[in-house]
Every structure is written in structure tokens, then in C-alpha cells.
Amino acid sequence: MNEPFTPEQVRYLEGLTAGIRLSRQQTAPPDPASVSQPGALQAAHLAAAVRGETLTAEELMKRERHPLDRFDELAQRANRGEFPKAGDVFMTKYFGLFHTSPAQDGFMCRMRLPGGFISSTQLAGVAELTERLAGGYAHVTTRANLQVRQVGAQHTVKLLEALDQLHISTQGSGADNVRNITASPLSGIDPLELIDVRPFCKTMDFRIRTTRDLYALPRKFNIAFDGGGAISCVSETNDLAFVAERNDEGYVHFRVLLGGITGHGDLAADTRITVLPDQVIDFAVSVLNVFIQHGDRGDRKQARLKYVIERLGLPAVIAAIEADFERPILRSAPSSCVVQPTNRTAHIGIHPQQQAGLNYAGVCLTGGRLTTEQMRGLAELADRFGSGSLALTVWQNIIVRDLPDDAIHAFQAGLAALGLATTASSFAAGMIACTGNQGCRFANADTKAHAQVLTSFLEQNIADRGVLNIHLTGCPNSCAQHRIGDIGLLGTRIIVGDDDIEGYHLFLGGGYGSFARIGESFVADIPVAALNPTVQALIESVMSHANPNETFAGVVARLEARQLALIKSMLTKRLATQGMNQGMPALTAKPSLSSAGVVS
Ligand code: SF4
């Protein structure tokens, strides 16, 4: 696998790719003698050639010079105060730096925080860096991670060096890499958990960062470790997920899910494969090796594990993983394990830990935005009242761990001074929003602002009937996973007369865990001015069918098709009426502006 290409192989590959290079006005093809790529990439390109795939421009760039060998280019641009251009924009993402022009004239820097776990020292350090080198705030992402934005062209190296001193890596947090590992955020403190998955997150992250061959992926790849606790990390949305279970004999093992990608309409399939805890990392590496070898190198929209499974079939993919794993794969019967229940509200509020006398505090951050002062204050509170240990969640909230019983009141007072709280309406607690057009060039709508306004509107105009997740995502790249929200909102552009306005398509019926389903399109082309009353009408209409203590998701899952059709019809009529009331001509949607974009 580590042998260089033979001259015949190089000629074959160059012949295959020359036409597309010319058509895309690429610069001269890479000199084969200068190709210094890891064996995995060469083998993958050869396999792609055999499949008849023409390498994309990104694959050719990777061959030309390994992305991780390009730090000198990044440093030179920083010295000159320049932003990257053309292919360098993609290559810079290997270091976690995203040039966000034209949405913002700066870089977004995405970190790696395995499992979302972060210490008070790290959080205070990030706060200082956002103030000194970035825009004075950070976003908590749906991969339980932090992003800082508005980093100046001259500040990139200083920022990466400072993060390194905080033991925070950014390597491989963007582009074609394994992204931030997600995990149960209560690992090690949850009374319900089956296994503490923090060690798996750290080891997996370290293995990825230190193995050159694992940088040869055709596209991004998501991994989750679910220890079976109260708070879900939406395992089924990942390319690869390990979900803890206890078997009949009392041992904890991991069940393997493969191929999740909600933006492409699929949850991960339960393979019925089980992996013992001491073999999990090697198994994950084998899955990655199979993805590297068989992933599509000619079409980036098809270059995810889901499409390898569709092309080869799940049995063949599992056989390839087993061959790479070099050990027999264990399989379990469907009835042999008990899946732990999750608590959809446990990520907010004060809850007892497995350690007697200690509690964790789930702090609500609607839309996932943290100011410098809030980060600094949270770090200080975690130090003063807890153990200095915090965790970000895929619900864009933050958990402060290890708070003694008698410190809760003072801790909450400290939070209030920061404008934060451990209490929140169901609307605020369950509101998820991607970056939107405040910082992402793919966005069709200002998702974060709309999420804030929608939250306030619902709090003022509708009874809080319990858990409700609303996910606002700005484009089909689906960073906020609108298709697993109870209500999913996908940003779009709508033509109204001569105007091109922001709007949303509404999805219904999505969910995760025991309600794991992909939401379906319900109402299209809602102008942003009509968004709040439309969502209100939907919630009120659905909950008019609710039994006592029944959740929105439960009602939607129970309603018959004809009942849902009536609700849909009512919403569509209301929308038309609102349009006339506002003097708007008939609405005509145009295709999503960002449908052609592939964010990396
Ligand atoms: Fe940007 Fe689209 Fe991702 Fe939102 S979903 S952050 S608009 S790429």
C-alpha cells in the first residue's frame, strides 16, 4: 500500500485526469516525481481509476502536495496579510481555517474538541483569543465544537499557535477529514451511562491526527461514541457510530451504526455488528480504510460512506471492513440487548451526577452563540464552584460539571450575571441554528437571528407543552440537521414580485433515538415574514391532538396521514391569505441558491 505508483500507473492516471484538468482550466498537471502522498491516497486513486472515475480538482490538489505539508504556504500568506485564493481556500481548511468571503472578510477557525469536552483553562484561553484575534464571540456547533470567526488574514498563525498552547488542535477540522468526534456529554458523571466514552474520543482523535493515511479521505467523515446515557449525541446522524449496550451476560459492548448523513436523507443503518470496547479504535480505523479505498473520487456529492454502501451493498462493505480488521466481526441478535432511554430535556437544568453530592448544570445557549465575556465567566464559574470541567453538546448548549449541592444557588446567580440560565422554555432549549448568512457564503437565510426571533415569538404567543426541537439550517448542506428536528426549517430564496427574499421550507416528522426518522417536506416557500405565525399555527394544530404528557414528536408520529394532510392544507391556505393580506403577489419559488455548493 505504501509503494509509489509504477510509471505505467502514473501514465494511466494522468491520462484519465488530463481531459478534466483542461476542461477545468487547471494549471499544469502535477509532476509525478514530486508526488509525495501517503500510500493510501495513491492506492485510492488507482482504485478510482479502475472504477472509471475522473479525479476531481480537489483530489488532484491533494496529489500535488499533501495538504498538511502546506503550512509554509499558509504562514507566507499570513506574513503578507493575504487571504487564500482558488484551490488554496480548500487546502487551508486542513488546518481548520475557512475563508468565509463574501459572507465575512475573514477566517472562521474550527477547533477539535473530542467529545465536546473542554476545560475551564481552555475556555478562558479561547475567550482571550476571540477578543485579541477574532470577532469577540464563538459559536457552539452541532458537533459539540467551537468555531471562532472574523480572524484576520495576518492572525492565522498566531491563533493556531495559541490554540496549540491550550492543547487544542485544529488539524483536520475542515476539508476531507474525520471531523470532531462527538460523544455523550455526560460521560463519567451520568447515573444512567453504561460506559465512560471519554477515553475512546481522545484515543480516536489522537490516532486520526497522527496517522497520515487517515488524511486520505475522499470527503468528510463523522464518528460518534454514545455511552448509553441520558443525553443523546444523535449517533444515527454519523457516518460511523458506536452505541453502548449491555448484553444478556451483563457485558457492555458497542453496536455499530454505518452510513448516516441526514442532509442526504439517511440515518445510519444498524449493522447488528458489535465491537468490544478494547477493539473499537482498530475497528473504526478499518472502516476509515474501507472508505478511503472505495469512496468516490470523481463526484464530491457522492463521496460519502452512504454511497459506498449503496454502490457495493452493506454485506460487501462489512466484508471489506472485516478483511481489514483481520479479526472475526461479532454480530448480535436484535433482541439480545437493551437500548438505554434518553431524556430530551436533560441537557438543560440542574441534575444529580453519579457521584453523590455533585450535580451538573445544563446551560441554555439559544442558537449556540457565546460572547467573550460569557466564555470567560463560564470558565471562572466552573473553576470556582466545580472541577473546571465543561462539555459542549450537539444541542448547542454547554454543561458545567461537578457542582456540589450547596453551590448551586451561587452558581446560578453567577450565570444570571452573564445573561445565562439553567432554566429555559422548551422553545429555547430545543432551538438549533447553523451559522447562516451572518458568516456562511452558502446560506440562504439569517438562521441564527431568525432562531432568536422565533424563540421569543413562541415564548410570548404559545403555551409551552414540553420538549420541542426546531432546527434552522441555511442551505441543503444541513449543518443544523433540519431533517431530524421535530420541526425542520431549510433556508431558501423566494421570488415575490421583483424581490428576492429569505424564506424557509418546513419539514415535519424528523427525530432521533426512539423517534429516529428523517423529516419530510411539509410546507414549502414560507417567506421569513410569515415564518413565526406559520410555526405557531403548526404547533397549536398538532398539539390540539395531544394526549396528556404527549410530546409534539409523539403526536406527529401517531397522527394519521389524513390528519396531517388537513394540517398541511390549513397552513398552506393561511400562507396564501397572509401573502394577500400583505399585498404580496403570488409566491414563486426559485431553486435554492446554494444547492450547487458543497461545503467542506
Ligand atoms: Fe452554511 Fe449551509 Fe452549513 Fe448553514 S447549513 S452553516 S448555510 S453550509
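What counts and what doesn't
- Residues numbered from 1 in each chain as written.
- Predicted model: local features only at pLDDT ≥ 70, side-chain atom pairs only at ≥ 80, totals over all residues.
- Heavy atoms only, no water.
- Near = heavy atom within 4 Å.
- Nonpolar A, V, L, I, M, F, W, Y, C, P; charged D, E, K, R; others polar.
- Pairing = 2+ DSSP bridges.
- Helix = DSSP H or I, 4+ residues; strand = E, 2+ residues; numbered from the N terminus.
- Axes fitted to C-alpha atoms, helices over the stretch in contact; angles between N-to-C directions.
- Salt bridge = Lys/Arg side-chain N within 4 Å of Asp/Glu carboxyl O.
- Parallel < 35°, antiparallel > 145°, perpendicular 65-115°, else oblique.
- Left-handed = near helix turned anticlockwise from the far one by under 90°.
- Contact = heavy atoms within 4.5 Å.
- Core = buried A, V, L, I, M, F, W, Y, C linked by side-chain atoms within 4.5 Å.
- Buried < 20%, exposed > 50% of the residue type's maximum accessible area, 1.4 Å probe, protein only.
- Expected span 1.5 Å × (residues − 1).
- Arc of directions from axis to C-beta.
- Phe/Tyr/Trp six-rings, centres within 6.5 Å; stacked < 30°, edge-to-face > 60°.
- Lys NZ or Arg CZ within 6 Å of the ring centre and 35° of its normal.
- pLDDT = per-residue confidence, 0-100.

## Quick notes on the site of the ligand
Here comes step 1: Neighbouring the ligand are 12 residues, the closest being Cys434, Cys440, Thr473, Cys475 and Cys479.
Here comes step 2: For the shell around the ligand, a count of residues per class yields seven nonpolar, five polar and no charged.

## Some words on the sheet that holds strand E15 (residues 389-392)
Here comes step 1: With respect to topology, five strands assemble into an open sheet ordered E3-E15-E16-E13-E12, the strand pairing being antiparallel. The strands lining the two open edges of the sheet, one partner per strand, are strand E3 (117-119) and strand E12 (349-352). Pairs of neighbouring strands in the sheet enclose a mean axial angle of 30°, with direction left out of account.
Here comes step 2: Relative to strand E16 (residues 398-404), strand E13 (residues 358-363) runs antiparallel, the two sharing five bridges. Bridge pairing in E16 places Ala361 opposite Val400.

## So, the environment of Gln76
Here comes step 1: Examined against the element boundaries, Gln76 turns out to sit in helix H4 (residues 71-80).
Here comes step 2: Along the sequence, Gln76 and Gln154 sit 78 residues apart, while their C-alpha atoms lie 9.6 Å from each other.

## Concerning the pattern of salt bridges
Between side chains of opposite charge, a pair can form as their charged atoms come close.
Here comes step 1: Scanning all chains against the criterion turns up 31 salt bridges.
Here comes step 2: Of the charged contacts, one joins Arg212 and Asp69 as a salt bridge, the two residues approaching to 2.8 Å between their closest N and O atoms. In this pair, Arg212 is assigned in the loop between helix H8 (198-210) and strand E7 (223-226) and Asp69 in the loop between helix H3 (57-64) and H4, connecting sequence segments 143 residues apart.
Here comes step 3: A salt bridge links Arg198 to Asp196; the nearest nitrogen and oxygen atoms lie 2.7 Å apart.

## Some thoughts on the packing of helix H6 (residues 120-133) against helix H12 (residues 372-385)
The geometry of a pair of packed helices is captured by two quantities: the angle between their axes and the separation between those axes.
Here comes step 1: Running from N to C, H6 and H12 point in directions that differ by 160°, and their axes come no closer than 8 Å. Relative to H12, the element H6 is oriented roughly antiparallel. In this structure, H6 crosses over H12, and the sense of that crossing is left-handed. In contact with Ser120, Leu123, Ala124, Val126, Ala127, Glu128, Thr130 and Glu131 of H6, H12 contributes Thr372, Met375, Arg376, Leu378, Ala379, Ala382 and Asp383.
Here comes step 2: A class-by-class count of the residues in the contact of H6 with H12 yields eight nonpolar, three polar and four charged.

## Let's talk about the nonpolar core
Across soluble globular proteins, you tend to see nonpolar side chains buried next to one another.
Here comes step 1: Grouped together as the largest cluster of nonpolar side chains are 124 residues, with contacts concentrated most on Leu146, Met204, Phe221, Phe225, Phe242 and Phe283.
Here comes step 2: Counting residues per element, this core draws most heavily on helix H9 (residues 280-294), at 10 residues.
Here comes step 3: Once residues lying within four places of it in the same chain are set aside, the contact partners of Phe283 are Phe242, Val256, Ile273, Val275, Ile321, Phe325 and Ile329.
Here comes step 4: The next biggest cluster of nonpolar side chains, apart from the first, holds 36 residues, and it includes Met431, Ala451, Leu559 and Ile567.

## Description of helix H15 (residues 447-461)
Here comes step 1: Look at H15: 20 Å from first C-alpha to last across 15 residues, which is about the 21 Å you get at 1.5 Å a residue.
Here comes step 2: Looking only at H15, the buried set comprises Thr447, Lys448, His450, Ala451, Leu454, Thr455 and Leu458. Along the axis of H15, the buried positions cluster into a sector of 155°, meaning they face one direction only.

## Digging into the sheet that holds strand E4 (residues 137-140)
Here comes step 1: Strand order in the open sheet formed by five strands is E1-E2-E5-E4-E14, with antiparallel pairing between adjacent strands. The sheet is open, and its two borders are formed by strand E1 (97-99) and strand E14 (369-371), each paired with just one other strand. Taken pair by pair, the neighbouring strands of this sheet meet at an average axis angle of 25°, ignoring direction.
Here comes step 2: Here E1 pairs with strand E2 (residues 107-110) via three bridges, running antiparallel. Among the inter-strand pairings, Phe98 is bridged to a residue of E2, identified as Met108.

## Examining the environment of Asp406
Here comes step 1: Among the structural elements, Asp406 can be located in the loop between E16 and helix H13 (408-417).
Here comes step 2: By relative accessible area, Asp406 is classed as exposed at 73%.
Here comes step 3: Once the C-alpha coordinates of Asp406 and Phe385 are considered, the two residues, 21 residues apart in sequence, prove to be 9.5 Å apart.

## Digging into the packing of aromatic side chains
Any two aromatic rings considered together are summarised by their centre-to-centre distance and by the angle between their planes.
Here comes step 1: Within the structure shown, the criterion is met by 12 aromatic pairs.
Here comes step 2: Pairing Phe200 with Phe254 gives two aromatic rings, centres 5.3 Å apart and planes at 80°, and the pair type is edge-to-face. You can see Phe200 sitting in helix H8 and its partner Phe254 sitting in strand E9 (residues 252-258), a full 54 residues away along the chain.
Here comes step 3: A centroid spacing of 5.3 Å and a plane angle of 15° characterise the contact between Phe225 and Phe242, whose relative ring orientation is stacked. A residue pair is termed long-range when its members are at least 10 positions apart, and Phe225 in strand E7 and Phe242 in strand E8 (residues 240-246) qualify at 17 residues. An identical accessibility class is assigned to Phe225 and Phe242; each is buried.
Here comes step 4: Three or more aromatic residues joined by ring pairs make a cluster, and in this case those are Phe200, Phe225, Phe242, Phe254, Phe283 and Phe325.
Here comes step 5: Directly above the aromatic system of Phe325 lies the positively charged group of Arg327, at a separation of 4.2 Å from the ring centroid.
Here comes step 6: The residue whose ring lies beneath Arg369 is Tyr137, and the NZ or CZ to ring-centre distance is 4.1 Å.

## Examining the pairing of strand E5 (residues 146-151)
Here comes step 1: Buried residues dominate E5, accounting for five of its six residues.
Here comes step 2: In terms of strand pairing, E4 meets E5 through three bridges, oriented antiparallel. Bridge pairing in E5 places Val140 opposite Leu146.
Here comes step 3: Hairpin geometry of E4 and E5 is characterised by an intervening segment of five residues between the two adjacent antiparallel strands and by a positive phi of about 50° at Ala144.

## Here we look at the side chain of Ser184
Here comes step 1: The residue Ser184 is located in the loop between strand E6 (182-183) and H8 in this model.
Here comes step 2: Setting aside anything within four residues of it in sequence, one finds Ser184 in contact with Phe117, Val197, Phe225, Asp226, Gly227, Gly228, Ile231 and Cys233.

## Brief notes about the packing of H9 against helix H10 (residues 305-312)
Here comes step 1: In contact at an axis separation of 10 Å, H9 and H10 are set at 75° when each is read in the N-to-C sense. On the basis of the axis angle, H9 is roughly perpendicular to H10. Taken together, the residues of H10 that come into contact with H9 (itself represented by Val287, Phe291 and His294) are Leu305, Val308, Arg311 and Leu312.

## A short note on the confidence of the model for the protein chain
Here comes step 1: Of the residues in the protein chain, 88% have a pLDDT of 70 or more, and the chain-wide mean is 89.
Here comes step 2: Segment residues 10-36 is flagged for pLDDT under 50; beyond a separation of four residues in sequence, or across chains, it makes 33 contacts in the model.
Here comes step 3: This model gives residues 580-600 a pLDDT under 50, and the stretch forms 47 contacts once residues within four places in sequence are excluded.

## Here we look at unusual backbone geometry
Here comes step 1: Looking along the chain, the bond that leaves Ser101 and enters Pro102 is cis, with omega of 5°.
Here comes step 2: If you trace the backbone, Pro102 turns up in the loop between E1 and E2.
Here comes step 3: Of note in this structure, Ala144 is not a glycine but carries a positive phi near 50°.
Here comes step 4: As for its position among the elements, Ala144 is in the loop between E4 and E5.
Here comes step 5: Classification of Ala144 by relative accessible area gives buried; the value is 2%.
Here comes step 6: Phi at His167 is positive, roughly 60°, even though this residue is not glycine.
Here comes step 7: Note on placement: His167 falls in the loop between helix H7 (156-165) and E6.

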